[in-house]
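Working through the structure, step by step
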Amino acid sequence: MSSPGCALLLGATGVLGTAITRYLSTKKGMERMILVGRDQKKLRDLAATVSGEALTVETVHLPSTLEAYSTLGARIPAGTVDLLVIPMGFHQPSPLGTAPKRLETILFANLMGPLVAIHQIAPGMSRGSVVLFGDAMANRPMAGFSAYYAAKAALQSLVSSLSSELAPNIRINALLPGIMNIKPVAPPDASKRWSGKVPLGYLGGNEPLLLSLDLLLENNYLTGSLLTVDGGASTAPV
Ligand SMILES: NC(=O)c1ccc[n+]([C@@H]2O[C@H](COP(=O)([O-])OP(=O)(O)OC[C@H]3O[C@@H](n4cnc5c(N)ncnc54)[C@H](OP(=O)(O)O)[C@@H]3O)[C@@H](O)[C@H]2O)c1
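Here we summarise the structure given alongside this text. (Residues numbered from 1 in each chain as written. Predicted model: local features only at pLDDT ≥ 70, side-chain atom pairs only at ≥ 80, totals over all residues.)

1. Focus: the sheet that holds strand S3 (residues 56–61)
Just so we agree on the cut-off: Strands are treated as partners if at least two bridges between them are detected by DSSP. Each helix corresponds to a stretch of at least 4 residues labelled H or I by DSSP, and each strand to a stretch of at least 2 residues labelled E; elements are numbered beginning at the N terminus. Think of each axis as a best-fit line through the C-alpha atoms, taken over the contacting stretch in the case of a helix, with angles from 0 to 180 degrees between the N-to-C directions.
Taken together, the seven strands give an open sheet; going across it, the order is S3-S2-S1-S4-S5-S6-S7, and neighbouring strands pair in parallel fashion. On the outer flanks of this sheet lie S3 and strand S7 (226–229), each paired with one strand and no other. Averaged over all neighbouring strand pairs, the angle between strand axes comes to 15 degrees, with direction disregarded. Where strand S4 (residues 83–86) and strand S5 (residues 128–133) come together, four bridges link them in parallel fashion. The partner of Ile-86 across the bridge, within S5, is Leu-132.

Structural data, given as structure tokens:
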């Protein structure tokens, strides 16, 4: 990243989004951050933890609908954003017979929301970088999660098509996390069970993802790249 500027985050109030917000505010010297999300209280609480003298933090409440996302470009003046980071997503099962509305929600959170946001924001960017979040297992999806993995596979394909369209001034790449950040609500044995599937023997936390994000931000020769961060899980024999 050539110089500090303005970062817009969609999905900032999630586990990785919060870690990324803190990282960008403390380590990358951003001057301005715009946190966009569907929960006003969570956005305000997060903004309060990172705002400081050298950093302006704004929040934009955006309901989770196509109509609301279609207004994003008009709400953020052209020339404002240098870095667009989209760690939004919704890892939920969709077994056969799942109601269409539920399928739509999963597709919106993992594909349509990020896609519309890029189409709304990128034309107003004069330079910088876009970072998306796929899933290391999108090419080896597990049964019962067809909507989630189809959405992530499509999101990952956007990185290739958009890299030429956005070049030469804007780069676009994606991080593909494996199973990380076992959430507090997970069953007590989940961490042990899943780490057995990782060749490196443990579940990574935010640290390896932030290191990889840094690489995508700092290496100006990277665009169209999918960077898997999963301890080898997606390439392990089944
Ligand atoms: N953590 C992992 O193990 C892992 C593994 C593979 C891939 N990933 C991907 O990495 C990204 C970040 O993961 P995470 O662990 O930070 O997830 P998370 O904690 O569940 O956060 C997801 C974010 O997406 C937002 N979101 C979910 N559904 C939405 C919807 N319908 N409309 C608008 N926003 C919505 C959430 O908003 P609220 O805060 O308002 O709920 C939250 O900000 C996701 O794309 C995820 O698929 C994560």
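2. Quick word on the pairing of S4
Inclusion rule: Exposure in this text rests on C-beta crowding, where 20 or more other C-beta atoms within 10 Å of a residue's own make it buried, 12 or fewer make it exposed, and counts in between make it partly exposed. The C-beta atoms are placed from the backbone. We call a crossover right-handed when, viewed with both strands directed away from the observer, the connection leading from the first strand over the helix to the second proceeds clockwise.
Across the two faces of S4 the burial is the same, with Leu-83 and Val-85 and Leu-84 and Ile-86 all buried. As paired strands, strand S1 (residues 6–10) and S4 are joined by three bridges and run parallel to one another. Note on S4: the bridge partner recorded for Leu-9 is Val-85. After leaving S4, the chain enters helix H5 (residues 100–121) and then returns to the sheet as S5, a path that is right-handed.

3. Section: helix H6 (residues 146–166)
Under the convention used in this document: Working rule for helices: expected span equals 1.5 Å times residues minus one. A residue's bend is given by the angle between axes fitted to the 7 residues ending at it and the 7 residues starting at it. Once C-beta atoms are placed from the backbone, any two residues with those atoms within 7 Å are in contact.
Between its first and last C-alpha atoms H6 spans 30 Å; for 21 residues at 1.5 Å apiece the expected length is 30 Å, and the two agree. Along its length, H6 reaches its greatest deviation from straightness, about 30 degrees, at Ser-160. Buried residues belonging to H6 abut H5, S5 and strand S6 (170–177).

4. Regarding the site of the ligand
Heads up, the condition is: The criterion for a residue being near a molecule or strand is a backbone-placed C-beta atom within 6 Å of that molecule or strand. Ten residues, namely Ala, Val, Leu, Ile, Met, Phe, Trp, Tyr, Cys and Pro, are considered nonpolar, four, namely Asp, Glu, Lys and Arg, are considered charged, and the remaining ones, Gly among them, are considered polar.
Lining the immediate environment of the ligand, one finds 26 residues, of which Thr-13, Gly-14, Leu-16, Ser-64 and Gly-89 sit closest. Taken together, the elements giving at least two residues each to the shell around the ligand come down to helix H1 (15–27) and H5. A per-element tally of the shell around the ligand places H5 first, with four residues. Its residues assigned to classes, the shell around the ligand comprises eleven nonpolar, eleven polar and four charged.

5. Looking at helix H2 (residues 40–50)
In plain terms, the rule: Here, the arc refers to the directions that run from the helix axis to the C-beta atoms.
Buried within H2 we find Leu-43, Leu-46 and Ala-47. Angularly, the buried residues of H2 cover 100 degrees about the axis, an arc narrow enough to put them on a single face. With respect to the buried face of H2, the exposed residues turned more than 90 degrees away are Lys-41, Ala-48 and Thr-49. Residues of H2 that are buried in the fold lie against H1, strand S2 (32–37) and S3.

6. Here's the deal with the packing of H5 against H6
Put simply, the rule is: Each angle is binned into one of four classes, with values under 35 degrees roughly parallel, values over 145 roughly antiparallel, values of 65 to 115 roughly perpendicular, and all other values oblique. With the far helix as reference, a near helix turned anticlockwise by less than a right angle produces a left-handed crossing, and one turned clockwise produces a right-handed crossing.
Interhelical geometry of H5 versus H6 gives an angle of 15 degrees and a closest axis separation of 8 Å. The orientation of H5 relative to H6 falls into the category roughly parallel. As H5 packs across H6, the resulting crossing turns out to be right-handed. Contacts between H5 and H6 involve Leu-103, Ile-106, Leu-107, Asn-110, Leu-111, Pro-114, Leu-115 and Ile-118 from the first element and Ala-147, Tyr-148, Ala-151, Lys-152, Ala-154, Leu-155, Leu-158 and Leu-162 from the second.

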